[in-house]
Amino acid sequence: LRRCLSEDIIYRQGARQSHLIVRELLRLSGKNIASFDILDSAYLSAIKFVGNELKRSGASSHERGIFQAAGSSTTECLLHVRGWLYKSTVLHEQERLWGVIAMVCDVAFMEVCTTNSKDSQLGFCLHILISILLEERFNELHESLLSKVKEILATVLDEKNIDTTIHEISPVLNKLIISLLQVHDKCQQTFILDCTKTFKIDCTAASRSLGLMTKKHGKQQGRRGGLWGWNDDTLDNSDISSDLFLRIAVSLHGKKARHHIVQKMVTCYDLIKMILLDSPVVLESFLQQMGTFPQCSCSEQQLNVLSKHNAKFSLQNIFHRFHKKNSANACIDLDVEVDRFLTLMKKHPISPTAVSAANEVSSKSIANGRPDLSDNLLSIDSRAQLAGLDHLKNVLKHFKDTKNESISCQTLYNLLCELIAICDSHTSDDVRIAASCCLGELGAFDLNSLSILDLDLSGPLRSEPNTYIQLIEDPLLRIQIKSLELLGKYLQSEDIKTSLVAMGTSKALLCSREGSKCWSMIQDKDAKRLLSPFVSLGSKTSRTQTPQVSTRYLNDLMSVAGHNPKKETNDWCWNEELWTCIERGKVSFDDWIKNVVVSMIHCCYTEIKSQNDGEISRASYVRGEGEFFPRCIGMCARVPEFASTIFPGIIYDLLATDNSSATPNQSSVRDSILEETAVGSANNIANQTLSRCFSCLLGTPSPERTDSITNPKALSLAIDTLDLLRRVTQHRFLKSTGHVRNKSTLPNRTYPDRQNSGGRNSPKSVKETSQYNSVESAPPWRGVPYGVVMFLNGVDLSF
């Protein structure tokens, strides 16, 4: 390069494109680009060279890890390689890409051991390994993957390194244990099926050899069986219900089981034992917060048979010893138990994919006529939720029976909201039933104490009391902080495309002024830990690298709105068809909210070049400000939850930004206060336009047409957005310093109901002061906008 370009150009362009160089080096290391294998050390040397050049040019001034010094990060590298792995279909390609992931994890692992770095992102390495472990199509990689996890944990759990690594591994320990339990359960079921199936075949062959069953009888007589009624159907029932049949099958064929199944069970057992029973004392406080683990999917009889065959084929002994050790010194506190459950729900949130997976398993079982034990497992999130709900139910029963129902109002309110949200979700029926049982146990508590709380915290913007005032003072900032915290959550999404879009959006936001301010105010430690690798990379991220939506997607939205893409005016986002969301209509709520938010961002936050003279023109007559929302457009088109989160922020920004009808000179104190407290002017274009759009959602449907009822989720979102505006206005009105107290008396005025003091300013006669004492009628009161006086909220309006 130095022969072709000057060093200034090389350094300037290299600082901007260094992360692309790192990505390309990793991609090449996962492909066979030569007739011989190139060692991983060669690729790492190339990445180190990039980092050294950036340091020499001044683009990277302080000591960092290999990938961070080269303009990238461990998290970014792992997400890209994981995406390539999920696209691969050939085994040898998957093995090479797994080698790249192992290399990146080794680099992070070595940085912890050698430099005691607290920015190694080792926790995210474990998350990637867990994600691959839970994918059935990567079974061939599981054995080496578990060995890598065992190698990492054996070192990081050492007392010499635990102080450095505890903040990295503690957030993922719960998910790691439940994932290992999930893999162990599947291996248990596969092992039982293999043994019983082989034993069943031997029994059938033996009966045929003795003349008790023939091929003709077995095929033609169906359920009647052979000469003695022995057929496949009778043995199918026995292999599940009969303890004797299972013990014989395991004793005869257990040693012949597939090696990788046995090895995975043994390794999972060793890893869980290493974490729960052999970990350092420093980690015990984190382990005690995990609560109850999911129950094994096998029956007690099956677990006894498995444990007698091999002690490591059952995990019940480990969990029993762990709970016994923790319960010895444990003191049950209701507030602590509820907080532990709420923390568990944050780590394992409700996922819409859980119910689809459960329905798929159920339909498969019905189609086959019998349960398929190898697939009949809920997701790890659903199993964790179910275990937490069962433990919570027992805790609530204990406090109800002991008549000790002391619990803080705020904790009780948060628990009530969480349980109602679970019951209202579309997760598996088992989880929803368990949540309803917990709601029933709450009936014994004093729910009247909730009346002292400010229940305006309900809805999608519900927050803790310490952040409520901040939400009201600067609602736009709080919504932006919430959006940034969600991006940290989406980095760990099961969908790799969502993770990649979240990574690109995070890098784009953290290089903006608004994003940097939000980053400094994030309170969620887990989200801040996940986003921290991209903070220093923000200055190297250009606007063109921000995830965008495709032209085809925008054209489809324009066609729905009836807009011609060739026209220069771009106010099609306010079309009535686009804002209409009908219950059981063609467009679901998820698609509707994505379409509406993407349309508003495209029209109100972007600039379009005119085709005639090349000048930049405003895209819509309603405009917003800032670079935060435009950089979120790709994520909004991907995840409906993210679009729902920033929807109130966009509405607030559009109203507050539009000054089309502002009146600089106010006629009275009242007018100046109302102008100061309202979100935008009541007569500006944005208010009128949004009022028309919200009428599409809040309007009364025709009684003749039952198909014109608004989707309840869209209705709830609209009401919560209006309620946010009401709360902001109410807070500003009550906190305004422009209020003037009414005077109780005026000088030289006669008050018939009061005794005249006879002072020097007292009137000489009523005749002289009659004109002065005449009082004009009070001006008509115009009220306060957004229902401040009536104290209406979204719950009241919904009823």
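The structure under discussion appears in the preceding block.
Residues numbered from 1 in each chain as written. Predicted model: local features only at pLDDT ≥ 70, side-chain atom pairs only at ≥ 80, totals over all residues. Heavy atoms only, no water.

Chemist: Report on the overall build of the chain, specifying residues and quantitative values.
Modeler: Counting secondary structure elements, the chain contains 35 helices and two strands. Burial statistics for the chain: of 799 residues in total, 46% are counted as buried. Put simply, 76% of the contacts in the chain that link residues at least 6 apart link residues at least 24 apart. As displayed, the chain has an accessible area near 41400 Å², and 52% of this comes from carbon and sulfur atoms. (Helix = DSSP H or I, 4+ residues; strand = E, 2+ residues; numbered from the N terminus. Buried < 20%, exposed > 50% of the residue type's maximum accessible area, 1.4 Å probe, protein only. Contact = heavy atoms within 4.5 Å. Areas by Shrake-Rupley, 256 points an atom, 1.4 Å probe, with all protein chains shown as cover.)

Chemist: Please provide a residue-by-residue account of the packing of aromatic side chains, values included.
Modeler: Under the counting rule described, the total for this entry stands at 13 aromatic pairs. Here phenylalanine 293 and phenylalanine 319 contribute two aromatic rings whose centre-to-centre distance is 5.1 Å and whose plane-to-plane angle is 20 degrees, an arrangement assigned as stacked. In this pair, phenylalanine 293 sits in the loop between helix H13 (284–288) and helix H14 (300–309) while phenylalanine 319 sits in helix H15 (residues 316–328), placing the two residues 26 residues apart along the sequence. As far as burial versus exposure is concerned, phenylalanine 293 and phenylalanine 319 are alike and both buried. Ring geometry for tyrosine 490 and phenylalanine 642: centres 6.3 Å apart, planes at 70 degrees, overall edge-to-face. (Phe/Tyr/Trp six-rings, centres within 6.5 Å; stacked < 30°, edge-to-face > 60°.)

Chemist: Lay out the pattern of salt bridges with the relevant residues and their values.
Modeler: Summed over all chains, the structure comprises 17 salt bridges. The salt bridge involving lysine 507 is made with glutamate 76; its shortest N-O contact spans 3.1 Å. Placement of lysine 507 in helix H23 (residues 496–510) and of glutamate 76 in helix H4 (residues 74–87) is noted, with a sequence separation of 431 residues between them. Glutamate 76 matches lysine 507 in its accessibility class, with the two residues each being buried. Between arginine 727 and aspartate 723 there is a salt bridge; the shortest N-O distance is 3.4 Å. In this pair, arginine 727 and aspartate 723 both sit in helix H33 (residues 712–735), four residues apart, roughly one turn of the helix. On the accessibility criterion, aspartate 723 (6% relative accessible area) is buried. (Salt bridge = Lys/Arg side-chain N within 4 Å of Asp/Glu carboxyl O.)

Chemist: Requested: an account of the state of the cysteines, with residues and values cited.
Modeler: Using the criterion set out here, one finds zero disulfides in the structure. You can see cysteine 268 has no disulfide; the closest cysteine sulfur is in cysteine 187, sitting 6.2 Å from it. Just so you know, cysteine 696 is unpaired, no disulfide at all, and the nearest cysteine sulfur is the one on cysteine 693, 6.1 Å from it. On the accessibility criterion, cysteine 696 (23% relative accessible area) is partly exposed. (Disulfide = S-S within 2.5 Å.)

Chemist: Before we move on, could you go through a nonpolar patch on the surface and cite the residues and values that matter?
Modeler: On the surface, a cluster of nonpolar side chains totalling about 250 Å² of accessible area is made up of Leu244, Ile248 and Leu252. Mapped onto the secondary structure, leucine 244 falls in helix H11 (residues 243–253). (Patch = residues over 30% accessible without salt bridge, like charges linked within 9 Å, V, L, I, M, F, W, Y side chains within 5 Å.)

Chemist: I'd like a rundown of the packing of helix H19 (residues 409–424) against helix H20 (residues 429–441), residues and numbers included.
Modeler: Remark: H19 packs on H20, axes separated minimally by 8 Å, with the N-to-C direction vectors making an angle of 145 degrees. Crossing geometry of H19 relative to H20 is assigned as left-handed. When H19 is examined against H20, the residues Leu416, Leu419, Ile420, Ile422 and Cys423 are found in contact with a partner set consisting of Val431, Arg432, Ala435, Ser436, Cys438 and Leu439. Grouping the constituent residues of the contact of H19 with H20 by class yields nine nonpolar, one polar and one charged. (Axes fitted to C-alpha atoms, helices over the stretch in contact; angles between N-to-C directions. Left-handed = near helix turned anticlockwise from the far one by under 90°. Nonpolar A, V, L, I, M, F, W, Y, C, P; charged D, E, K, R; others polar.)

Chemist: I'd love a proper account of helix H24 (residues 513–520), names of residues and values included.
Modeler: The periodicity of an α-helix, 3.6 residues per turn, causes residues three or four positions apart to be oriented the same way. When we look at burial in H24, the residues that qualify are Glu514, Gly515, Cys518 and Trp519. Taken down its axis, H24 places every buried residue within 135 degrees of arc, on the same side. Exposed residues on H24 whose side chains face more than 90 degrees from its buried face are Arg513 and Ser520. (Arc of directions from axis to C-beta.)

Chemist: Explain the side chain of glutamate 337 residue by residue, including any values.
Modeler: Within the element layout of this structure, glutamate 337 appears in helix H16 (residues 334–347). Judged by its relative accessible area of 11%, glutamate 337 is buried. Looking at glutamate 337, its side chain comes within polar contact range of the side chain of histidine 391, at 3.0 Å. (Polar contact = N/O pair within 3.5 Å; in protein donor to acceptor, adjacent residues only side chain to side chain.)

Chemist: Residue-level account of the packing of H11 against H14, with values.
Modeler: Close contact between H11 and H14 brings their axes to 10 Å; oriented N to C, the two are set at 25 degrees. Regarding the angle of H11 to H14, the classification is roughly parallel. The hand of the H11/H14 crossing is right-handed. Note on element contacts: H14 touches H11 through Gln301, Gln302, Val305 and His309, opposite Asp243, Leu246, Arg247 and Val250. Among the residues making up the contact of H11 with H14, the classes are represented as three nonpolar, three polar and two charged. (Parallel < 35°, antiparallel > 145°, perpendicular 65-115°, else oblique.)

Chemist: Provide a residue-level description of the nonpolar core, including the pertinent values.
Modeler: With 162 residues, the main nonpolar core has Ile101, Leu276, Trp574, Trp579, Trp592, Phe642 and Phe647 as its most contacted residues. Looking at which element gives the most residues to this core, the answer is helix H8 (residues 162–209), with 15 residues. For tryptophan 579, the residues in contact, after removing those within four places along its chain, are Cys573, Trp574, Trp592, Val596, Met600, Phe647, Ile651, Cys693, Phe694, Cys696 and Leu697. Judged by nonpolar contacts, the second largest core, of 22 residues, contains Leu342, Leu396, Leu412 and Leu416. (Core = buried A, V, L, I, M, F, W, Y, C linked by side-chain atoms within 4.5 Å.)

Chemist: Account for the side chain of histidine 80, with residues named and values stated.
Modeler: Mapped onto the elements of the fold, histidine 80 is located in helix H4. Beyond its immediate chain neighbours, meaning those up to four positions away, histidine 80 contacts Arg23, Leu500 and Met503.

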